[in-house]
Amino acid sequence: MDQELPVKFLISFDKFLRFYDQLAENGTPDQRAKANRILEAQAPYPELREGFEEVEKLETHKEVLDIILQDAFSEVLSRNEIKALSLPYVDMLFHPSARLRRIIENAGDDFNPILMRRSDGQDYIMASTVILNHHYGFKLDFSRPYFFEFPDANGVMHHYRILYNADFMEIIPNAEAPEITQDDVDELLSHPEDLDFWKSKIPPGSFTIKGFVIANMFDVTAEYAISAIKSELIASDKRGSDSFMSELQSTFRSFFRLKDLRVGFITYNRKDGQFEKVYGKGMESFILGDSHACKCNESLCSESYEKLLNEKAYFVIPDVARYHENSGGEGFYQNLFDQGIRSAIFAPIADKDEVLGLLEVVSTRTNALNAVNATKLDDVMPFIVSAVVRSRIEEENLIDAIIQHECTSVHESVLWRFQEEARKFIIDQLEGREPAFREIAFQDVHPLYGQVDIRESSHARNAAIQRDLMIQLSRIRAVLELAFGKTQLPIYEELTFRVSRHIEDIKEVLHTNSEQAIFNFVHEEITPVLEHLKGLDSELAAEIGSYEAGIDVGTESYYDHRRNYDETVMQINKTLASLLDKRQEDAQQMFPHYFERYKTDGVEHNMYIGGSIASEREYDPLYLSNLRLWQLQVMCEMENAYYDIKSELPIQLDVASLILVYNTSLSIRFRMDEKRFDVDGTYNARYEVIKKRIDKSRVKGTGERLTQSGKLVIVYSQKKDEQEYLRYIRFLKSKGYFTDEMEIVELEGLQGVSGLKAIRAGILYRKSDPQGEAKEFYNYDQLMEELNS
């Protein structure tokens, strides 16, 4: 009784014995005789009436208390009732009934009963409300349930709710007892969790509780488990915690009263017809084992498949060994048997006839789980379904966020402006005005543009398509020639002729419409003929089967060379974009700016920097110069990153890099219809025109392509931009980014654009050791020799 309370305890049996005082005078002869025996037994021990604080004295007076309490603790009911003499809010159980004594013995010698899960100050405030009700006469309801938990002999935790019988308890004010008014009560009720405030109104130890209570207990393990399961599943912060599954396992063990019980979950992917692992701390599945996913018809037997996925009913296996033997070693039962599982319940987690997943409950003991106790799941499945539905929504939101991040998103640098506009939208809506999300614009920003382009990508793509079509048409021609040889039907010869014509048409060059024309020809005219030929002859069927084995499911055509091309482009883009994104994190720390990048045949990026974007930072032209220098460095790093992986790619391609310098600030506006930023105004549109046409431009007087492998091209129109970038290049050359090779060229006029010049600077490539330290340096020609050697 070390806790601080507004009461002191004086253990006394006076109020209880007054009942026998009355019986001794007014009772029947039998009652008087019994009352006198009890009173005579107590008489030598006056402190039992006067009261004492030491709990140990209860044990001292145990024999006489057995006589005094014989009616309150009837031997007739002792084997059924769970109760003991106690004090409110105290972890004390004295004179337990026979049943409670057995429960305590089963819990073990080292077990000490403790009242469960009380919040800080709960006991103090509870005792204070009792004082307010019974001493001061206010009518307050602050009742909170109290519980004891005891493990049984098998270690399974049971929960018992306490109902206190306070008939033999008196509340006596001490000298410190305060005067309490209605205003005081109102203030207390307005501070329901402020312990210090309650102590100020009802000080510690200001009252004495004289007497005792009888703690009547009821086994509410099932109800408590259901409540705990509901709480654990509904609280999203608990579901994400490391202890979630261990706590849930423990709760299910109490619920089923099985110490060896284990619980698992799997999700159901209806689209792919498979079960999939649930990822999380402690999550496991007894159907999947170590697999991440498995087809439903492979992981279940036919009976369990029907029950769980079609009937959406429980599938119960009381004796896994017997089912395993009777099924002849069916894989589903074999899997459970090998894991040591001897009984199991599988329950579909279904919402509105849609199966979302399965709950797996298993035991190592035969018949421990059966059709009878399976019905207990009826009480908890609604909470499991609710939790899974909510988790699915949260997962979908997370997926949406990831897709948005990967595909299109509001950049962090301008998010603050969108949040401002959203708040205005909400206010308009709340105040009854017609809400509208206004367009967002940023004035006086400086653009930076760069691209790392895959050279001759269109030619490489067409060559890959051409090879695949040639191979597919050649295989078709071989089948048709075999068919003609066997049947001598002229129609097969005519089809062979048309296939040969298509081969001739694409042998030298792939025309714009050739791919679609051949695709339509094969699907509309060749495929039906091949289906017919399959049934005529086994040799033809085998030849057609060999042809069809080469068809890609996704494209419905031959795809080997195109796959190599696509995978090459994908890997190049992934490598370049990953490096750019990572380096962008550093650039944002220097000064916030808008950034977007997108993948085509290579990687392009736009940046806009200015004071209107960085609302909390003061802009200075120095930051534009810094970003231009950073861009030059990163473009060189992206070139190096590509040539580091070139030798590992399915197709050997080259890249060429370009930067556009625009010396005039402009405005950008978020286009609500296109969900992206674009330059604002007719004059500013010139910048977009240059961007779209610049990489196709040629050098004036020579006709050669502006962009070249091994060189970074910097396009500009003003002399001061030329001087600025030449200064940067000299600096970066000293840092090992550029070679001595550099030239300034004039560009041929583009439609609507003239007067552009470009610096072409040779990039210095590095060969690094495993620690990332540059050990050797190459210009482009030397690098090609090294890669091809």
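In this text the structure is predicted, and so the values were computed from the model without any measurement.

Caption draft 1: Geometry of unusual backbone geometry. For Glu-456, which is not a glycine, the phi torsion comes out positive at approximately 55°. For Glu-456, the location among the structural elements is in the loop between strand E14 (441-454) and helix H19 (457-487). Positive phi, normally seen in glycine, also occurs at Gln-488, with a value near 60°. With respect to the secondary-structure elements, Gln-488 resides in the loop between H19 and helix H20 (490-507).

Caption draft 2: Structural context of helix H8 (residues 182-189). Asp-184, Val-185 and Leu-188 are the residues of H8 that are buried. All buried residues of H8 lie within an arc of 100° about the axis, which places them on one face of the element. As for H8, its buried residues are in contact with helix H7 (122-134) and helix H9 (195-201).

Caption draft 3: The packing of H19 against helix H23 (residues 560-590), seen in detail. Their axes nearest at 7 Å, the elements H19 and H23 cross at an angle of 155°. If you check the angle between H19 and H23, you find them roughly antiparallel. Contacts from Ser-457, Ala-460, Arg-461, Ala-464, Ile-465, Arg-467, Asp-468 and Ile-471 of H19 reach H23 at Asp-560, His-561, Arg-562 and Tyr-565. Taken together, the residues of the contact of H19 with H23 break down into five nonpolar, two polar and five charged.

Caption draft 4: Spatial organisation of the nonpolar core. Counting 49 residues, the largest nonpolar core has Leu-632, Met-638, Tyr-642, Leu-712, Ile-714 and Phe-738 as its most contacted members. With twelve residues, helix H24 (residues 621-645) is the largest single contributor of residues to this core. Sequence-distant contacts of Ile-714, that is, excluding residues within four places in its chain, are made with Leu-632, Ile-659, Val-661, Tyr-725, Ile-729, Lys-757, Ala-758 and Ile-759. Ranked by size, the runner-up nonpolar core spans 46 residues in total, among them Phe-16, Leu-65, Phe-138 and Val-185.

Caption draft 5: Just the environment of Gln-631, in detail. The topology assignment puts Gln-631 in helix H24. Separated by 51 residues in the primary sequence, Gln-631 and Leu-580 place their C-alpha atoms 9.7 Å from one another. Apart from the residues within four sequence positions on either side, Gln-631 is in contact with Leu-448, Tyr-449, Gly-450, His-605, Met-607 and Ile-659.

Caption draft 6: Seen up close, the sheet that holds strand E7 (residues 213-219). A sheet is described by the order of its strands in space; here four strands give the open sequence E2-E7-E4-E3, paired in antiparallel fashion. Unpaired on one side and paired on the other, strand E2 (82-86) and strand E3 (146-151) mark the two borders of the sheet. With direction set aside, neighbouring strand axes in the sheet form an average angle of 35°. Two strands pair when backbone bridges link them, and E3 and strand E4 (residues 157-165) are joined in this way by six bridges, in the antiparallel orientation. Across the sheet, the residue bridging to Phe-150 is His-158, located in E4.

Caption draft 7: A look at the pattern of salt bridges. Scanning the entire structure with this criterion turns up 39 salt bridges. Put simply, Arg-18 and Asp-14 hold a salt bridge, and the shortest N to O gap is 2.8 Å. Residue Arg-18 and its partner Asp-14 are both found in helix H1 (residues 14-26); the two are separated by four residues, about one turn of the helix. You can call Arg-18 partly exposed: its relative accessible area is 34%. Judged by relative accessible area, Asp-14 falls into the buried class, the value being 13%. In this structure, the salt-bridge partner of Arg-49 is Asp-21, at a minimum N-O distance of 3.0 Å. Placement of the pair is Arg-49 in helix H3 (residues 47-50) and Asp-21 in helix H1, with a sequence separation of 28 residues.

Caption draft 8: Region of interest: the packing of H19 against helix H22 (residues 538-549). At a minimum axis separation of 10 Å, H19 and H22 run at an interaxial angle of 175°. On the basis of the axis angle, H19 is roughly antiparallel to H22. Of H22, the residues touching H19 (which contributes Gln-472, Arg-475, Ile-476, Ala-478, Val-479, Leu-482, Ala-483 and Lys-486) are Glu-539, Leu-540, Glu-543, Ile-544, Ser-546 and Tyr-547. Of the residues contributing to the contact of H19 with H22, the split by class is eight nonpolar, two polar and four charged.

Caption draft 9: Seen up close, the confidence of the model for the protein chain. The share of residues in the protein chain with pLDDT of 70 or more is 88%, and the mean pLDDT across the chain is 85. Contacts of residues 399-407 to residues separated by more than four positions or lying in other chains number two contacts, the stretch itself having pLDDT below 50.

Caption draft 10: Region of interest: helix H2 (residues 29-42). Helix length check: H2, at 14 residues, gives a terminal C-alpha distance of 20 Å against a target of 20 Å (1.5 Å per residue), a fit within 8%. Within H2, the full set of buried residues consists of Ala-35, Ile-38, Leu-39, Ala-41 and Gln-42. Seen along its axis, H2 keeps its buried residues to an arc of 160°; they face one direction. H2 presents Pro-29, Asp-30, Arg-37 and Glu-40 as exposed residues on the side facing more than 90 degrees away from its buried surface. Tucked into the core, H2 has its buried residues touching H1, H3 and helix H5 (62-68).

Rules and cut-offs
Residues numbered from 1 in each chain as written. Predicted model: local features only at pLDDT ≥ 70, side-chain atom pairs only at ≥ 80, totals over all residues. Heavy atoms only, no water. Helix = DSSP H or I, 4+ residues; strand = E, 2+ residues; numbered from the N terminus. Buried < 20%, exposed > 50% of the residue type's maximum accessible area, 1.4 Å probe, protein only. Arc of directions from axis to C-beta. Contact = heavy atoms within 4.5 Å. Axes fitted to C-alpha atoms, helices over the stretch in contact; angles between N-to-C directions. Parallel < 35°, antiparallel > 145°, perpendicular 65-115°, else oblique. Nonpolar A, V, L, I, M, F, W, Y, C, P; charged D, E, K, R; others polar. Core = buried A, V, L, I, M, F, W, Y, C linked by side-chain atoms within 4.5 Å. Pairing = 2+ DSSP bridges. Salt bridge = Lys/Arg side-chain N within 4 Å of Asp/Glu carboxyl O. pLDDT = per-residue confidence, 0-100. Expected span 1.5 Å × (residues − 1).

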